[in-house]
Structure formats: structure tokens, C-alpha cells
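# An overview of the molecular structure
This is what each chain is made of:
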Amino acid sequence: MSHLEKLSTLGIHVFERGWLSSNCILLLGSQGSTLVDSGYHTHANQTLLWLKQQLNGMCLDRLISTHLHSDHCGGNAALQSAYPNLWTDVPHSIAPAVRSWDLDRLTFVDTGQDCPPFLTSGVLAEGQTLHLGGLMWRVCLAKGHDPDSVVLFQEEHRILI
């Protein structure tokens, strides 16, 4: 059994992409559906099609952006449009910049990235535990790649997103 097949048995579905767009991870379980990272905005239609196939008529309940580089959150606006009740979480430290859409703080202009504006519903903080899909995940800071980045850790199965 491949690693992706093993993850699938846990309700974890990985949508692998090429460069320049992040992989998306869909977590499914009795607690609903969560997508971790939405990819670059030019791939939003591909993400929506993939979600439609995976969700099989269900709604997407939650969206988590691990950080605010446009290849991880560029599809957020399209997903919010397709799923009007979508709860969207971003890292705590960058949430004020998202709420005010502060392009200087978000660095989209300085880095030449495009990201349609989106709304945030909640924040992700260090040590927070989340029930996503059918598993418990812990939010951990991961400031190396981006100063506001977080990762999700599932201790029982030793999975890091």
C-alpha cells in the first residue's frame, strides 16, 4: 500500500500539484471536511473540480491556510465564493493584515504575487488543538519558510502538514 493510500484510509486526501502551487490536503471525517491550503489562484477551478469529486455532494466546511504565500492561499476567495458558509482560518500573527487586506504586510506586491482578497473567520495559534476529519491535530509555529507560518501535527500517526 502506498503512503497516499494509507493516508486515504485515515480520511486524508492529498491533491499533488506541480510548481507554482501548493499541494492541497483534504481531511474528511464525521466532524466534517477541511481543506489545508488552497493553491495558487490560477488553479482555483482545478481545486474546485477536485473538491467536487472528493466531497461527493458534501459541502466544504473549513479552510486552513498554513501561511499567506499566494501559492497556499490564492484559491481562498474562489472557495469562499463556491462555499458561502466556509470557515477560514489563518495564522494568528497575520490575521490583522488579512482583515484589513494590508498589501504591505501581506507582501504580495513586493514579491510579485497575485492573491484575490478573502475573509478570515478564525485564527490558528501555537499549541491549539483541532479536531479535523476524524483526528486531533496540534497547531505548531513554523517560522522558517515564512515568519507567520504554522504546521499541523497529528501525533498518533506522526503526520505533519
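Anyway, here's the lowdown on the structure attached to this text. Just so we're clear, the structure is a prediction, and the values are computed from it rather than from any experiment.

### Quick look at the nonpolar core
With 16 residues, the main nonpolar core has Ile12, Leu27, Leu130, Leu132, Trp137, Leu152 and Ile161 as its most contacted residues. Per-element accounting of this core gives the leading share, three residues, to strand β8 (residues 135-141). If we skip the residues at most four places from it in the chain, isoleucine 12 touches Leu7, Ile25, Leu26, Leu27, Leu135, Trp137 and Ile159.

### What to know about the sheet that holds strand β4 (residues 62-64)
Taken together, the six strands give an open sheet; going across it, the order is β1-β2-β3-β4-β5-β6, and neighbouring strands pair in mixed fashion. One side of each edge strand has no neighbouring strand; the edge strands of this open sheet are β1 (12-15) and β6 (122-124). Sheet twist, expressed as the mean angle between neighbouring strand axes with direction ignored, is 25 degrees. Examined bridge by bridge, strand β5 (residues 87-91) and β6 share three bridges and lie parallel to one another. When the bridges of β6 are listed, aspartate 89 appears paired with glycine 122. With respect to the sheet, helix α2 (residues 44-55) is in contact with β1, β2 (24-29) and β3 (32-36), its orientation differing from that of β2 by roughly 20 degrees.

### Topic: the packing of aromatic side chains
Under the defined criterion, the tally for this structure stands at three aromatic pairs. Ring geometry for tryptophan 101 versus phenylalanine 108: centroids 5.8 Å apart, planes at 35 degrees, classification tilted. Given a relative accessible area of 2%, phenylalanine 108 falls into the buried group. Ring geometry for tryptophan 101 against phenylalanine 118: centres 5.3 Å apart, planes inclined by 80 degrees, an arrangement best described as edge-to-face. Highlighted residues: tryptophan 101 in the loop between α5 (95-100) and α6 (103-106) and phenylalanine 118 in the loop between α6 and β6, separated in sequence by 17 residues.

### A closer look at the pairing of β2
Consecutive side chains of a regular strand alternate in pointing toward one face of the sheet and then the other. Buried residues dominate β2, accounting for five of its six residues. Sheet topology note: the β1/β2 ladder contains four bridges and is antiparallel. Opposite isoleucine 12, over in β2, you have leucine 27 as the bridge partner. By the bridge criterion, five bridges tie β2 to β3 in an arrangement that is antiparallel. Each residue of the ladder has a partner; that of isoleucine 25, found in β3, is valine 36. Between β2 and β3, which pair antiparallel one after the other, the connecting turn spans two residues.

### Some thoughts on α2
Given a rise of 1.5 Å per residue, 12 residues ought to cover 16 Å, and the 16 Å separating the end C-alpha atoms of α2 matches this to within 8%. Restricting attention to buried positions, one finds in α2 the residues Ala44, Thr47, Trp50, Leu51 and Leu55. Looking straight down α2, one finds its buried side chains confined to an arc of 125 degrees; they lie on one side. Along α2, the residues that are exposed and aim more than 90 degrees away from the buried face are Asn45, Leu49, Lys52 and Gln53. A positive phi of about 50 degrees marks asparagine 56, the residue just after α2.

### Section: the environment of cysteine 24
As for its position among the elements, cysteine 24 is in strand β2. By relative accessible area, cysteine 24 is classed as buried at 0%. Not counting chain neighbours up to four residues away, the residues in contact with cysteine 24 comprise His13, Val14, Phe15, Arg17, Leu35, Val36, Asp37, Ser38, Gly39, Thr47 and Trp50.

### Regarding the environment of leucine 152
One can find leucine 152 in strand β9 (residues 150-154). The spacing of leucine 152 and arginine 17 is 135 residues in sequence and 20 Å in space, taken between C-alpha atoms.

Cut-offs and rules
- Residues numbered from 1 in each chain as written.
- Predicted model: local features only at pLDDT ≥ 70, side-chain atom pairs only at ≥ 80, totals over all residues.
- Heavy atoms only, no water.
- Core = buried A, V, L, I, M, F, W, Y, C linked by side-chain atoms within 4.5 Å.
- Buried < 20%, exposed > 50% of the residue type's maximum accessible area, 1.4 Å probe, protein only.
- Helix = DSSP H or I, 4+ residues; strand = E, 2+ residues; numbered from the N terminus.
- Contact = heavy atoms within 4.5 Å.
- Pairing = 2+ DSSP bridges.
- Axes fitted to C-alpha atoms, helices over the stretch in contact; angles between N-to-C directions.
- Phe/Tyr/Trp six-rings, centres within 6.5 Å; stacked < 30°, edge-to-face > 60°.
- Expected span 1.5 Å × (residues − 1).
- Arc of directions from axis to C-beta.

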